[in-house]
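# Working through the structure, step by step
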2 protein chains.
Amino acid sequence: MTTHELVQQIKKKKSFLCIGLDVDLEKIPTHLLSKEDPIFEFNKAIIDATHHLTVAYKPNIAFYEAYGIKGWQALEKTIKYLNDKHPDIFTIADAKRGDIGNTSTRYAKAFFSDLNFDSITVAPYMGEDSVVPFLEFENKHTILLALTSNRGAFDFQTKKVDGEEVYKKVLQTAQTWKNHHNLMYVVGATKAEYFTEIRKIIPDSFILVPGVGAQGGSVSEVCKYGLNKNVGLLINSARGIIYASSTENFAEAAAQKALELQQEMEGVLDKM
Amino acid sequence: MTTHELVQQIKKKKSFLCIGLDVDLEKIPTHLLSKEDPIFEFNKAIIDATHHLTVAYKPNIAFYEAYGIKGWQALEKTIKYLNDKHPDIFTIADAKRGDIGNTSTRYAKAFFSDLNFDSITVAPYMGEDSVVPFLEFENKHTILLALTSNRGAFDFQTKKVDGEEVYKKVLQTAQTWKNHHNLMYVVGATKAEYFTEIRKIIPDSFILVPGVGAQGGSVSEVCKYGLNKNVGLLINSARGIIYASSTENFAEAAAQKALELQQEMEGVLDKM
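Conventions and cut-offs
- Per chain, residues are indexed from 1 in the order of the written sequence.
- In the order they appear in the text, chains get letters beginning with A and ligands get numbers beginning with 1.
- The predicted origin of the model limits local features to residues at a pLDDT of at least 70 and limits the giving and counting of side-chain atom pairs to 80 or more, whereas totals for whole chains, interfaces and linings rest on all residues.
- Excluded from the side-chain calculations are hydrogens and water; all other atoms, namely the structure's heavy atoms, are used.
- The superposition of copies rests on a least-squares fit of C-alpha positions from residues with pLDDT of 70 or more in both.
- Note on contacts: a residue pair qualifies if any of its non-hydrogen atoms lie within 4.5 Å across the two residues.
- Stacked, tilted and edge-to-face are the three classes applied to pairs of Phe, Tyr and Trp rings, where Trp contributes its six-membered ring and a pair requires centres within 6.5 Å; stacked means planes under 30 degrees apart, edge-to-face means over 60, and tilted covers the rest.
- Helix numbers and strand numbers start at the N terminus; a helix is a DSSP run of H or I with at least 4 residues, a strand a run of E with at least 2.
- Each residue is assigned to one of three classes by its accessible area relative to the maximum for its type, calculated with a 1.4 Å probe on protein chains only: buried under 20%, partly exposed between the two thresholds, exposed over 50%.
- Think of it this way: DSSP has to see at least two bridges between two strands before they count as a pair.
- A right-handed crossover is one whose linking path, passing over the helix from the first strand to the second, runs clockwise when the strands point away from the viewer.
- Buried area counts how much accessible surface, traced with a 1.4 Å probe, disappears from two parts once they are put together, with both parts' losses summed.
- What counts as a salt bridge is simple: a side-chain nitrogen of Lys or Arg found within 4 Å of a carboxyl oxygen of Asp or Glu.
- Polar contacts here mean pairs of N or O atoms no more than 3.5 Å apart (in protein, one a potential hydrogen donor and the other a potential acceptor; neighbouring residues in sequence count only if both atoms are side-chain atoms).
- Gly counts as polar in this scheme, as do all residues outside two lists: the nonpolar Ala, Val, Leu, Ile, Met, Phe, Trp, Tyr, Cys and Pro, and the charged Asp, Glu, Lys and Arg.
- Put simply, the grid is 1 Å and covers the protein atoms alone, a cavity is a trapped set of points that fit a 1.4 Å probe, a pocket is an open set with protein on both sides within 12 Å along at least five of seven lines, and lining residues have an atom within 4 Å of a point.
- Grid points are joined across faces, edges and corners, and a volume is the space filled by probe spheres set on the points.
- UniProt positions are given in the numbering used here, feature names are shortened, and annotations may be inferred rather than shown by experiment.
- Note on method: axes are straight lines fitted to C-alpha atoms, helices fitted across the in-contact stretch only, with angles between N-to-C directions ranging 0 to 180 degrees.

## Section: the relation of the copies chain A and chain B
- Of the two same-sequence chains, chain A is brought onto chain B (RMSD 0.0 Å, axial shift 0.0 Å) by a rotation of 180°. Expressed as an axis order, the relation between the two copies is that of a two-fold axis. Closest approach to the rotation axis within chain A is made by the C-alpha atom of A:Val161, at a distance of 2.2 Å.
- When you check the interface residues of chain A against chain B, 100% turn up at the interface there too, and the contact is symmetric in its surfaces.

## Remarks on the packing of aromatic side chains
- Scanning all chains against the criterion turns up 19 aromatic pairs over all chains.
- With a centroid separation of 6.2 Å and 40° between ring planes, the pair formed by B:Trp72 and B:Phe111 is classed as tilted. Pair noted here: B:Trp72 is in helix 4 (residues 68-85) and B:Phe111 is in helix 5 (residues 101-114), with a separation of 39 residues, a long-range link. Both residues of the pair, B:Trp72 and B:Phe111, count as buried.
- Of the aromatic side chains, those joined through ring pairs into one cluster are A:Trp72, A:Phe111, A:Phe117, B:Trp72, B:Phe111 and B:Phe117.

## Some words on the pairing of strand 8 (residues 183-187) of chain A
All names here are of chain A.
- Counting buried residues along strand 8, five of its five residues qualify, which places the element largely inside the surrounding structure.
- On strand 8, burial covers both faces: Leu-183, Tyr-185 and Val-187 on one face and Met-184 and Val-186 on the other are all buried.
- Note: strand 5 (residues 141-147) against strand 8, five bridges, orientation parallel. Bridge assignment links Leu-147 to a residue of strand 8, and that residue is Val-187.
- Relative to strand 9 (residues 207-209), strand 8 runs parallel, the two being bridged by two bridges. Note on strand 9: the bridge partner recorded for Tyr-185 is Ile-207.
- The handedness of the strand 8 to strand 9 crossover, carried by helix 9 (residues 195-201), is right-handed.

## A word on the interface of chain A and chain B
- Contacts between the two partners involve 57 residues from chain A, matched on the other side by 57 residues from chain B.
- Summed over both partners, the interface of chain A with chain B buries about 5,000 Å², with 58% contributed by carbon and sulfur atoms.
- By the criterion of area lost to chain B, the three top residues of chain A are A:Arg106, A:Tyr125 and A:Phe156, representing 19% of everything that side buries.
- The interface formed by chain A and chain B holds six salt bridges in total.
- Taking the shortest distance from any N to any O, the salt bridge between A:Lys96 and B:Asp99 comes out at 2.8 Å.
- Taken together, the links from chain A to chain B amount to 28 residue pairs in polar contact (both at pLDDT 80 or more).
- Take the side of chain A that touches chain B: its biggest share by element is eight residues, from helix 5 (residues 101-114) of chain A.
- Among the residues making up the side of chain A that touches chain B, the classes are represented as 24 nonpolar, 15 polar and 18 charged.

## Describing the side chain of A:Asn150
- For A:Asn150, the location among the structural elements is in the loop between strand 5 and helix 7 (153-156).
- Its relative accessible area of 5% is what places A:Asn150 among the buried residues.
- A distance of 2.6 Å separates the side chain of A:Asn150 from the side chain of A:Thr148, its partner in a polar contact.
- Excluding its chain neighbours within four sequence positions, the residues that come into contact with A:Asn150 are A:Lys191, A:Gln215, B:Ile100, B:Met126, B:Asp129 and B:Ser130.

## A look at the layout of surface pockets
- Of the volumes computed, that of the largest pocket is approximately 380 Å³.
- Around the largest pocket, the lining is made up of 32 residues, and of these A:Ile100, B:Asp22, B:Lys58, B:Gln215 and B:Arg239 lie nearest the centre.
- At the level of elements, helix 5 of chain A together with strand 3 (90-97), strand 10 (233-237) and helix 11 (239-242) of chain B are the ones that each hand at least two residues to the lining of the largest pocket.
- Among the elements that take part in the lining of the largest pocket, helix 5 of chain A stands out by supplying three residues, more than any other.
- The residue makeup of the lining of the largest pocket, split by class, is eleven nonpolar, twelve polar and nine charged.
- Roughly 250 Å³ of internal volume is contained in the second largest pocket.
- What lines the second largest pocket is a set of 15 residues, among which A:His181, A:Leu183, A:Asp204, A:Ser205 and A:Phe206 lie closest to the centre.
- The element best represented in the lining of the second largest pocket is strand 8 of chain A, accounting for three residues.
- Of the residues contributing to the lining of the second largest pocket, the split by class is six nonpolar, seven polar and two charged.

## Re empty space enclosed by the protein
- Evaluated as defined, the whole model comprises four cavities of 30 Å³ or more.
- Contributions of two or more residues to the lining of the largest cavity are made by strand 3 (90-97), strand 10 (233-237) and helix 11 (239-242) of chain A together with helix 5 of chain B.
- Of the residues assigned to the lining of the largest cavity, the class counts are eleven nonpolar, eleven polar and seven charged.

## Quick look at the UniProt feature "domain: Orotidine 5'-phosphate decarboxylase" (unreviewed entry) in chain A
- The feature "domain: Orotidine 5'-phosphate decarboxylase" (unreviewed entry), as annotated in UniProt, sits at residues 16-254 of chain A in this numbering.
- Annotated as residues 16-254 of chain A, this span is 40% helix and 18% strand, and its ends, taken at the C-alpha atoms, are 16 Å apart.

## Describing the sheet that holds strand 10 of chain A
All names here are of chain A.
- Pairing is parallel in the closed barrel, where eight strands are placed in the order 1-2-3-4-5-8-9-10. Across the sheet, the axes of successive neighbouring strands diverge by a mean angle of 30°, strand direction being ignored.
- Across four bridges, strand 4 (residues 119-122) lies against strand 5 in parallel orientation. Opposite Ser-119, over in strand 5, you have His-141 as the bridge partner.
- The strands that helix 8 (residues 166-174) touches are strand 5 and strand 8; relative to strand 5, the one it contacts most, it runs at about 150°.
- On top of the sheet, helix 10 (residues 219-226) reaches strand 9 and strand 10; it is set at about 165° to strand 10, its chief contact.

## Brief notes about the pattern of salt bridges
- Evaluated as defined, the whole model comprises 34 salt bridges over all chains.
- The residue A:Lys169 makes a salt bridge to A:Asp162 at a minimum N-O spacing of 3.4 Å.
- By relative accessible area, A:Lys169 is classed as buried at 19%.
- Notably, a salt bridge pairs A:Asp204 with A:Lys229, separated by 3.2 Å at the nearest N-O pair. Taken together, the residues A:Asp204 in the loop between helix 9 and strand 9 and A:Lys229 in the loop between helix 10 and strand 10 connect sequence positions 25 residues apart.
- Look at A:Asp204 and you get exposed, because its relative accessible area is 53%.
- Residue classification places A:Lys229 among the exposed residues on the basis of a relative accessible area of 63%.
- Through salt bridges with shared partners, a single ionic network connects A:Lys58, A:Asp94, A:Lys96 and B:Asp99.

Structure (structure tokens):
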């Protein structure tokens, strides 16, 4: 998917919501557990109920790997369902990968070519040659961790390197990499006040924003400092939407929570 | 496995070799491709031919993920084979994971409890709460990326934070984390001259050293600066061993390459 297509979708749906498909068998409604593939059934129901409200879905790969082969089967079925039924929706493999060049090439092939995700999250610690193999895929997007939503972000990311914070160094350095137009960035909603500085370095890029809801971030704060002329934000909510209810009506409850966020976003877009 | 058991194995085998099981179907002998599970058959042959020369095996998870469900099945069979036949051998899931707390807990469960690996490699960028969930598993080892073997290591890891390089900050900060005795570290063989400084910060820890062979690092250089009183090194070779030959005698050729490294290591240990 091109960035232009993503922007068009945002305008059409009046939403820049991303729904995190972080499926935990201990949290999904118990009536699903007797199904052959409870994880996929849960995702399918969530997707069917929310696809008109969201522009992106983001399975966190850890939740699937935790169930071994059954988890991978559920992931494959989920991404296939999305690509078949909703090819207009942006898909994010939240994998936080990154390794030496020949290994990153393997990950890129797995998530971009084989599973056909539109994007993948990647960690920057190993530098340019660990990220560039992902950037070679045209119309695929590599979402680089910059400033994450968790407390540990303050351990290294906000420390000063040559007078500037590590996460800023990451943003600046990444601008020099080949095919850097295929980059997006992760910045946590819990750190809304940092967006002003970040937008000075990456005015035009899309930013994936986790941390709204369970982690305490606010949509209005993020928008205040993070919006750009193409919106430029994908705000993720996982637990707050998909676990809104554990009854048989879980999908309707999830849609209600997604609608509340979509309406808040529509209000923001109307004022642009 | 305890660190003491690992040290005992090193002394018994006179080896601190780790063999990287980075299986690429385009590189393995073609006669294996007609088997039901070529990846596992390849690994089994390598393990059968080299287990007396090596103290650790390290599958890089990217190579398995690249083959989707078949890759995961091969990984599960490989780790089960190792745990059944060679429970004395240290196993490393080279996964370079790291995510917010509840997600890292998922990864830890997948690799430590379900697959029963002895250790996993983890990236430090997201800080303490992304690593500590791994450290909670007793007699399991979390191998934190410090200074990697690739060129991109110079993009961020060697940049100075508060007057000290990022990788040193990572090593120092990690010493303050709960259960830090379960930590080991990754330092690339291509950066042997850094080991003196690194040993000042982590004199007693084990260091996993990739980058010997195809990447250009040298065993003698690493040992000169990196050994400690318990040896404290696991030196990894992957391509240089497992792809020594693409004929039907590939396993014997791999054993020959492993033997050469083991003998070099025996020479080092005899002088300690």
